[in-house]
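# Structural characterization, general
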2 protein chains.
Amino acid sequence: MNRRRARKRNPAPADLVKPAAGQLFNPYDPIAALAPEALDLLHDGSMRILEEIGLEILNEKALALYEQDGARVDWDAQTVYLDRNRVMQRIETVPAEFTLHAPNSARNRLIGRNAINFTTVASAPNSSDLEGGRRTGNLADYCNFLRLAQDFDVIDFFSGYPVEPIDIPPATRHLDATLAAYTLTDRAFSLYCLGGGRVIDGIRMTAIARGVDMETLKSEPSINSVVNTNSPLRVDGPMLDGLIEMAEWGQPVIVTPFTLSGAMCPITIAGALAQQNAEALGVIALSQIVSPGAPMVYGGFTSNADMRTGAPAFGTPEYTRAAWASGQLARRYQIPFRSSGTNASNCVDAQAAWESQMSLWGAVMGHAQIIKHAAGWLEGGLCASFEKFIIDVDMLQMMRETLTPLQVDESTLALDAIREAGHGGHFFGTAHTLANYTTAFYEPLVSDWSNFETWSENGGLTAFERANRIYRERLARYQPPDMDASVRQSLEHYVAERRRELELAR
Amino acid sequence: MNRRRARKRNPAPADLVKPAAGQLFNPYDPIAALAPEALDLLHDGSMRILEEIGLEILNEKALALYEQDGARVDWDAQTVYLDRNRVMQRIETVPAEFTLHAPNSARNRLIGRNAINFTTVASAPNSSDLEGGRRTGNLADYCNFLRLAQDFDVIDFFSGYPVEPIDIPPATRHLDATLAAYTLTDRAFSLYCLGGGRVIDGIRMTAIARGVDMETLKSEPSINSVVNTNSPLRVDGPMLDGLIEMAEWGQPVIVTPFTLSGAMCPITIAGALAQQNAEALGVIALSQIVSPGAPMVYGGFTSNADMRTGAPAFGTPEYTRAAWASGQLARRYQIPFRSSGTNASNCVDAQAAWESQMSLWGAVMGHAQIIKHAAGWLEGGLCASFEKFIIDVDMLQMMRETLTPLQVDESTLALDAIREAGHGGHFFGTAHTLANYTTAFYEPLVSDWSNFETWSENGGLTAFERANRIYRERLARYQPPDMDASVRQSLEHYVAERRRELELAR
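Residue indices begin from 1 for each chain and proceed along its sequence in written order. For this description, chains carry letters from A and ligands carry numbers from 1, given in the order in which they are written. The predicted nature of this model means local features are confined to residues of pLDDT at least 70 and side-chain atom pairs, given and counted, to a pLDDT of 80 or more, with totals for whole chains, interfaces and linings taken over all residues. Water and hydrogen atoms play no part in the side-chain values, which are based on all heavy atoms of the structure.

### A few points about the interface of chain B and chain A
Which entries qualify depends on this criterion: Note on definitions: a residue-residue contact is assigned when non-hydrogen atoms from the two residues lie within 4.5 Å. When two components associate, each loses some accessible surface as probed by a 1.4 Å sphere; the sum of these losses over both components is called the buried area. Each reported salt bridge corresponds to a side-chain nitrogen of Lys or Arg within 4 Å of a carboxyl oxygen of Asp or Glu. Note on conventions: DSSP H or I runs of at least 4 residues are helices, E runs of at least 2 residues are strands, and numbering of each starts at the N terminus.
Chain B puts 114 residues into the contact, and the matching count from chain A is 114 residues. Carbon and sulfur atoms supply 69% of the area buried between chain B and chain A, which totals about 9,600 Å² over both sides. Across the chain B-chain A interface, the total number found is eight salt bridges. Sorting elements by how many residues they give to the side of chain B that touches chain A places helix 12 (residues 350-365) of chain B first, with nine residues.

### Quick look at the packing of helix 13 (residues 386-402) of chain A against helix 11 (residues 317-332) of chain B
When two helices pack together, their arrangement is given by the angle between the helix axes and the distance between those axes. Quick reminder of the rule: The axes used here are C-alpha line fits, helices contributing only the stretch in contact, and every angle between their N-to-C directions lies in the interval 0 to 180 degrees. Take the far helix as the reference: if the near one is turned anticlockwise from it by less than a right angle, the crossing is left-handed, and if turned clockwise, right-handed.
Between helix 13 of chain A and helix 11 of chain B, the shortest axis-to-axis distance is 8 Å and the interhelical angle comes to 35 degrees. The handedness of the crossing between helix 13 of chain A and helix 11 of chain B comes out as right-handed. Contacts between helix 13 of chain A and helix 11 of chain B involve Met-398, Glu-401 and Thr-402 of chain A from the first element and Pro-317, Glu-318, Thr-320, Arg-321 and Trp-324 of chain B from the second.

### A short note on the sheet that holds strand 13 (residues 253-257) of chain B
Residues and elements named next belong to chain B. Condition: When DSSP finds at least two bridges between two strands, those strands are taken to pair.
Strand order in the open sheet made by the eight strands is 1-7-18-17-15-13-11-10, with mixed pairing throughout. Whereas interior strands pair on both sides, the edge strands pair on one side only; in this sheet they are strand 1 (24-25) and strand 10 (189-192). Packing against the sheet, helix 9 (residues 237-248) makes contact with strand 10, strand 11 (223-229), strand 13 and strand 15 (296-299), and its axis sits at approximately 145 degrees to strand 11.

### Quick word on the nonpolar core
For clarity, the cut-off: Definition of nonpolar core: a set of buried residues of the types Ala, Val, Leu, Ile, Met, Phe, Trp, Tyr and Cys, connected through side-chain atoms within 4.5 Å. Burial classification: accessible surface area is computed with a 1.4 Å probe over protein chains only, and a residue below 20% of its type maximum counts as buried, one above 50% as exposed, and the rest as partly exposed.
Counting residues in hydrophobic clusters, the biggest one holds 312 residues, and the most contacted among them are Tyr-66, Tyr-142 and Leu-243 of chain A together with Tyr-66, Tyr-142 and Leu-243 of chain B. For this core, the element with the most residues is helix 10 (residues 269-290) of chain B, which contributes 14 residues. In this structure, Tyr-66 of chain B is in contact with Leu-55, Ile-57, Ala-71, Val-73, Val-80, Leu-82, Gly-282, Val-283, Leu-286 and Ile-289 of chain B, ignoring residues within four places of it in sequence.

### Comments concerning the pairing of strand 7 (residues 115-118) of chain B
All names here are of chain B. On strand 7, burial covers both faces: Ala-115 and Asn-117 on one face and Ile-116 and Phe-118 on the other are all buried. Bridging between strand 1 and strand 7 involves two bridges; their strand directions are antiparallel. Bridged to Phe-25 within strand 7 is Ala-115. Pairing of strand 7 with strand 18 (residues 370-372), which is carried by two bridges, proceeds in the parallel orientation.

### Quick look at the sheet that holds strand 4 (residues 79-81) of chain A
Note on sheets: strands pair through backbone hydrogen bonds, and any given pair is parallel or antiparallel. Residues and elements named next belong to chain A. Strands sit in the order 3-4-2-12 across an open sheet of four strands; the sheet is mixed. Each edge of the open sheet is held by one strand with a lone partner, namely strand 3 (72-74) and strand 12 (234-235). Summarising the sheet, strand 2 (residues 55-57) and strand 12 pair through two bridges and their orientation is parallel. Directly across from Glu-56, in strand 12, lies its bridge partner Arg-234. Running over the sheet, helix 3 (residues 60-68) touches strand 2, strand 3 and strand 4 and is turned about 130 degrees from strand 2.

Read these as geometric descriptors, not functional statements.
Have a look at this one:
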């Protein structure tokens, strides 16, 4: 505990994590939607919420932990009131950064500093593609999303099942889902933060997949999870069981209030953010009471409701500024920040793209270290689309390239090429062009830059239709990651044993 | 001249332009794609281009002006070599900011500081909509784009004809186009920077539309134009005639090299930017030789070519970073900056939206004070789309809202509403929600946030199809701006007289 606290308060350069080669960083300063005084007022407002209104905690163990730590608990109302000094003291032990370890160590990822990590759409109940249309989530589609993710370097890890495999039994679904993830991909995976043995199953399978023992795992974050609060100011019991277990095992939880402005929180973004901040910090504080130094992530998901229907909107101006402001809050507390790539469109059209772009710029310039739902999300998260996945990957790869500052030196200034081309000439044949043309520019997956005539002759396909072709080609050529036969055997053995136990227990 | 120079070098707060109420400002710091040393190297590279390689100037009057100013001219090669000290001295007199005056003074716009101005697609040779498909530009569509622009406050002025009215005779087209603009809209307009009387016709009609005399106009920029260089390093003769005339009349020209990396300039973005900078500053320097203090704008349009076909790409990672870097260069020289909203898609699909977003974020975070082609541009500028116009307006309005920093105070923190909703409650009926729900959030034009079932029942329309409906509704309810009958009469009289002269001269 003391070591971790010391690291956060006074990070010695030598103690900093050395990121893997594939780690993306954001070299640009974040955008601040809040002036410094506004940030102070927001912090103060959220502390007043915790002190005066409190959190309803539907979990006796959690209430007892808060109480033991000195907080005032109203047991009848299952409500805890948290003093701001205590909250600040507790969250001080959250590591400002940590490495999320993957089965393939080349996929280890830094969660902190100006690192950026993209994860796929998560927990969608439906999936869709052009030919098959929209259908209930199923194992075949689940596995195909895992395969697609494995095929693109820009996907860093998973923070949820891309689509819910609803066709397999819920009691043992987590076993099959985790087995599929660790055989079809080499990325870090995630688990549902719920009681009933799911957390420990996920952690044990992760240790097997990584080939390390449980003690090692305890000091090496390797699997992640999400806790959503039941906004406003209520936290679900089973999720808190999961949070406590994850914290005890030193595994990161992304604490994400779903503060939909106008519905589950005030209709002003400031009020929504104050409530988000109160809920996130209140729950993160609990994790540190359980296990000081346990890695945690501040999740920001504030958006606005359509006030005519109550439907959630995403990628709106309110959403983008809330992401920037959430980043400011997370940085104030030195806790890694998670945002999302989202949209509310019902098809893979222009709306899906502009709302996704708005949310992506919110997340990237808010310095989110985890950008969840960044590939495949459609319909406000109710559908995982294969074509949208490909389009999102293209957008993420473009963003990665955009985050590379321009190189200026004698070679890139290319004055010799300008001399060679001459006034009014062209550069297609200059030595400099010929030496660089294969790697000079980002090569898009989906964008079609041909002229109207050529495009029409080729069938006049929209980006949606072109993305369909690409996803099918990519799946056809998918290669599973290298995997030790004994590791696979151990995972399969674990799943078989646990399936037997869980089926007997029913 | 001295007054203007003094203003630029030492702007006194009282001397600053007071912007109109509708002026949009960007409160966020720009994104810098270039480190300070890289910016220095780029500047140095561009100066070496002007000194060592020079600009080919296909205009004897311009060459003579450069020579009189002390530059070395190779008359056989029609090439001028510009010394860096002289270039820096000349561009010092370019105003760091100016007001572009409109017929309706509420539409006056600041070009400078952190102001943002959006202008429509310009000079597209084709137009399109869902029902009519793609057709050659024509006067009816031209007028309809003007009407649409007039209907949306977010369109600040024009920097070119939205679509080229090819069905009217070229010799007198500028008269009809300008008359249409000044009767259908109350925004500032633009003219083609070409010889043959077009410039003076545009300026005279602008004076009539504004109801001021020509002397007043000389000190009040009121009509804008664009000079594109014939990259690499060649400048067209008639355009320079136009530039000289515009400068003499104190009207702003946006000097925009079309530096398409790999085709008309080096395949590296650094090389492209060095060439862009040399061309822009070389031409802007000429404007100041003609008329020190004439308002000018630094245009950045660097993008990359598709190296398989030579086709221009837009809204790419290269484009976005080039926009940020161009903004850094323009700010270094204290010259207002113009960028663009662009894409290369052939239909109004997801690609059209994500490339437009990438270019918009490039322009906005590059602190472009003029964002040209921001509504309606399709096919790399070869087509003006009515549906894309509506979608772009939605995106611009979203951007405008996103550029409003969040307000945090007791009212927006809304702790009373949080108390009222209670733990696990909802906010739809709180007093705070009821007091604010009509104005709390940005109301989109095109985004559909309904759920999949409702959306399907309503026909499952894409954003493209919904935008079609909106553009037709907006045109149907279009109202022309208030206009003095005598002004209209004077404009019509001018056009009739000039048409007679020009037809006689043929």
